[in-house]
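An overview of the molecular structure
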Amino acid sequence: MTSANSQLRAEGLSMRFGGVRVFEDISFTVDLGGITACIGPNGAGKSTLVNVVCGVYIPVGGQTFLNGEMITGTSTVEIVRRGICRTFQDVRIFPTLTAIENVLAGIPRQRGEGVLSAFTNFGPSERSNRNAAMSLLDDLALSGVASRPAGELPFGQQKLIALARAAATGARFVLLDEPAAGVELSLLPNIAKLVRRLTRTEGRGVLLIEHNVDFVRELADQVFVLQGGGVLASGSVQQVLNDERVIKEYLGRVYDA
Amino acid sequence: MIQTLIIGLGLAGYYALVAVGFALIFATLRIFHVAHGTVFITAGYVFWYMHRIHGISLAISATAAIAAAAALGLAIDRFLYLPIMRRGGGMFSVFIASLGIVLVFDAIYLVLTSGVIAVARTTSMELWTVGGAAIRKFDLGIMGLVALTYFLLYLWLHRTRTGLEVRGLTDNEQLAAAVGMNVDQTRNAIFLVASAMAGLAGVLTAYDGGITSDSGNRTLFIAVVAVILGGVRNILLGSITGSLALGIITAYAGFFYPEWVTFCIFAIMIILILFRPKGLFG
Amino acid sequence: MDHLFYIATLMSVWIIFSLGANLVIGYTGLMAMGQAAYLGVGAYTAAVLNIFFHVPFPIAALAAMAVSALVAVATLLPLQRLEGFYFALGTLGLNFLFFDLFHNLAPRVEGSEGLYGLELPAFATGARNLFLSVLAVTIVSALACWRLDASPYGRALRATRDRPDALRSIGKEPRMFQISVWAVGGALAGLAGALYGATLFYIDPTLFTLNTSIAILVFIGVGGLASLAGSVLGPVLLIGFTEGLRYVGLPSTLTGPLQSGLYGLLLIVLMLFRRQGLVGKHDFRE
Ligand SMILES: Nc1ncnc2c1ncn2[C@@H]1O[C@H](COP(=O)(O)OP(=O)(O)OP(=O)(O)O)[C@@H](O)[C@H]1O
Ligand SMILES: [Mg+2]
């Protein structure tokens, strides 16, 4: 059992844009070392949920707790510093930075990242950071393109770079907004490998937002289905993906499509 | 006092004519068209050259000057902004090129006019004395003309098909981006209308106080601040309120502390944006 | 010969100014259009300290750097609330604001519009010595910028330019980088301003106007954004060219307009055909 002290927990989150309700009363947890998946049709509010948790939007109701401490109302930057990092569905890499520089940028508290500290001896720390970044890129089979400007790489690879960059922040919880969408099938195992490394090896928690049900089945421990502004079902992967309503309401449509 | 107020309202009229066109272009196409000041001053010089230097009648000179302004505005868009955007240039690249136009024309006008103040007027201004205050009929005329222009603009934006399309652009960034890449009638109409209004302001300014090669930049700067003050959500309301505020402020500041006019304008802008970063109506 | 030294000194001063502006505009993507204001603050600080308080010039120049950096940050803080073009316009307004300040408040030497009478140390007296001293300062400045460029700080600046929102999403506040780089740009402008005064022997408010801010934009735009070589190349080529114009005997009433007209034309041609400049890494930010 994980205690509330090593958990990301959302309680009763509600969000509205102007008068338009996106979702109401959403609760979920992500455990350290575990993967919670969130599935749901287009426009269900999955990305909005990530934005709310990360402090981009303030929810109209509910709170998020990190290790028992409330973080709702805190700025994005502060939330990342406390240990929650996210990726974007529409990949937002730094296009003029090389692949490895993108990952390096994610590393927190670097020596030489201030005007004055740039004139100190940052060489050794930069080298070890570079090795760490390279190992992340290696896991994603990207070491070959490490020194290419990220903006010139295909979309799928950019997505993986964003993943590695988020991992590089060292955040204990990583929220991935559709990491597999738009990525060639051949790269999916790399994503799975990195997500496993984050959770199984490094003991971090991952919230995985995904449309690809097979991918979810393969990776996740728990799943919740966001639909019609609420949670349609939640629980273990087995339970939820075999739930009649889920199959009828959501999976059925996915398979049709 | 009242005299200064009237002068301020007159100034507001010039600013508003320039500001509304600038706001129109910025709100619809996201182009920060600083060369709008060049369009303004070009009309002034054409008018001065025809009317004052060659004695061509006021009506013909003014019409030709406004037409020249409209043509120049359109040409800048067609032969500069559009090609840059087609080659993948962003809005800042367009802005830098616009700045280039300003520099080139400023230099040309400075050399051609040797820096003299070009006053197109051939007769002196008539004054009206009301309760001890001497009011220039011209200032009242400007106010009337601006009110008429705004009324026509309102009709254009709200009662015509093109106007409807223009307003559609202001509410829709994506659509604006798409139109940004295309030559179409709406885009041409925006530049023609905006430039013609700047042309009218240029004609009036040249007729009134006269222009020098840097009047365009100064007027544009004030007009842009007016647009910032008023915001671009509502082109007409925003530009007229911003211009009124600045016209009155510059008139009074110019009366009491002529040395500090730009300082005042800038200070006001800073103070306002600290409280309302998107303008009064943003 | 002295005249050649003078031109080379002028180029060096503008290289220092360009280095700072390029960090701000090229690397970090901030549309700074009022850098001349900080140049002026530096020039006036150094000149006032040196002429009226007899502070040795090198110390006055260091003070000018500090004051310019402070003024730069103080003016940036309110402007940071503005975005995109509004930010560009706000910085552009600095030119007018500081012109009025210099014009109305700055001390003058009786009977002139500005200040003259700097006392330079012996090692910087004379055209050749002044050039060598300024060149040394320029080399140090360039090395410092090179170090910044190559450091994690430089990387963070470029990330700030590329996608501030993404930088925020990995826990780093783009504003902090913008403020610090603005201070560096201000300091280099202040240093350049101090040396500019030493080169010209005379300063007045008309040196620090919008035209100067645009000139710096042209220099780094032609040389190349986010490139150290660009910061050097732009001033060398353009000052070489305009000084050349004077040399071939063009009347001085024409050199002014010709120079600014040329700058305008260069901007247009650049934006149409080569947005990244001669050796730049990318174009002006979206
Ligand atoms: N900033 C916003 N302002 C207004 N409405 C918004 C905003 N962001 C999202 N929405 C709306 O909220 C709803 C949920 O959007 P969201 O992007 O969270 O869905 P999603 O589940 O991530 O969908 P997808 O699978 O397509 O990524 C949508 O109807 C969207 O239009
Ligand atoms: Mg989404």
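Coordinates for the structure precede this section.
None of these values were measured; they are calculated from a predicted model. (Residues numbered from 1 in each chain as written. Chains lettered and ligands numbered in written order. Predicted model: local features only at pLDDT ≥ 70, side-chain atom pairs only at ≥ 80, totals over all residues. Heavy atoms only, no water.)

Moving on, we get to the arrangement of the chains. Among the two pairs of chains that make contact, the interface with the largest number of contacts is formed by chains B and C. There is a gap between chain A and chain B: no contact, and a shortest C-alpha distance of 15 Å. (Contact = heavy atoms within 4.5 Å.)

On to the coordination of the magnesium ion (ligand 2), then. All names here are of chain A. Those donors, Ser47 (OG) and Gln89 (OE1), are the protein atoms that reach the magnesium ion (ligand 2), and they lie 1.9 to 2.0 Å from it. Of this pair, Ser47 sits in helix α1 (residues 46-53) while Gln89 sits in the loop between β6 (84-86) and α3 (99-106), placing them 42 residues apart in sequence. Judged by relative accessible area, Ser47 falls into the partly exposed class, the value being 21%. (Donors = N, O, S within 2.8 Å, 3.2 Å for Na, K, Ca; no water. Helix = DSSP H or I, 4+ residues; strand = E, 2+ residues; numbered from the N terminus. Buried < 20%, exposed > 50% of the residue type's maximum accessible area, 1.4 Å probe, protein only.)

Residues and elements named next belong to chain A. Here we have six strands laid out as an open sheet, ordered β6-β7-β8-β3-β9-β10, and mixed in their pairing. If you trace the sheet from one side to the other, it starts and ends with β6 and β10 (230-236), each paired once. Between one strand axis and the next, the sheet turns by 15° as a mean value, whatever way the strands run. Inspection of the sheet shows strand β9 (residues 222-227) paired to β10 by six bridges, in the antiparallel sense. Of the residues in β10, the one forming a bridge with Gln227 is Gly230. Packed onto the sheet, α1 meets β3 (35-39), β6, β7 (173-177), β8 (205-209) and β9 and runs at close to 150° relative to β7. (Pairing = 2+ DSSP bridges. Axes fitted to C-alpha atoms, helices over the stretch in contact; angles between N-to-C directions.)

For the rest of this paragraph, the subject is helix α10 (residues 228-247) of chain C. Residue and element names in this part refer to chain C. In a regular helix each residue adds 1.5 Å, so 20 residues correspond to 28 Å; α10 covers 29 Å between its end C-alpha atoms and thus fits that length. Regarding α10, the residues found buried are Gly230, Ser231, Gly234, Pro235, Leu238, Ile239, Thr242, Glu243 and Leu245. Projected onto a plane normal to the axis of α10, the buried residues spread over an arc of 160° and lie on a single side. Against the buried residues of α10 lie α1 (2-27), α9 (210-223) and α11 (252-273). For α10, the side-chain oxygen to backbone nitrogen distance between the N-cap and Ala229 is 3.3 Å, and the N-cap itself is Ser227. Following α10 by one or two positions, Gly249 adopts a phi angle in the positive range, close to 90°. (Expected span 1.5 Å × (residues − 1). Arc of directions from axis to C-beta. Polar contact = N/O pair within 3.5 Å; in protein donor to acceptor, adjacent residues only side chain to side chain.)

A separate point is a nonpolar patch on the surface. Residue and element names in this part refer to chain A. Where nonpolar side chains cluster on the molecular surface, the patch consists of Phe17, Val20, Val56 and Tyr57 and spans about 340 Å² of accessible area. Take Val56: it is sitting in the loop between α1 and β4 (61-66). We classify Val56 as partly exposed; its relative accessible area is 41%. (Patch = residues over 30% accessible without salt bridge, like charges linked within 9 Å, V, L, I, M, F, W, Y side chains within 5 Å. Areas by Shrake-Rupley, 256 points an atom, 1.4 Å probe, with all protein chains shown as cover. Salt bridge = Lys/Arg side-chain N within 4 Å of Asp/Glu carboxyl O.)

A word on helix α1 (residues 2-29) of chain B. Residues and elements named next belong to chain B. In this model, α1 (28 residues) spans 39 Å end to end at C-alpha, consistent with the 40 Å of a helix rising 1.5 Å per residue. Counting buried positions over the 28 residues of α1 gives 22, a clear majority of the element. Residue Arg30 follows α1 closely and has a positive phi angle near 60°.

This brings us to the interface of chain B and chain C. In this assembly, 39 residues from chain B lie in contact with 41 residues from chain C. Summing the contributions of chain B and of chain C, the shared interface buries around 3,800 Å²; its carbon and sulfur component is 79%. The three residues of chain B that bury the most area against chain C are Phe92(B), Ile96(B) and Leu103(B), which together make up 19% of that side's buried surface. In this assembly, chain B and chain C are joined by zero salt bridges. Counting the contacts that link chain B with chain C gives three residue pairs in polar contact (both at pLDDT 80 or more). Secondary structure elements with two or more residues in the side of chain B that touches chain C: α3 (58-86), α4 (91-113), α9 (215-230) and α11 (261-275) of chain B. In terms of residue count, the dominant contributor to the side of chain B that touches chain C is α4(B) (14 residues). Classifying every residue of the side of chain B that touches chain C gives 30 nonpolar, six polar and three charged. (Buried area = accessible area lost by both parts, 1.4 Å probe. Nonpolar A, V, L, I, M, F, W, Y, C, P; charged D, E, K, R; others polar.)

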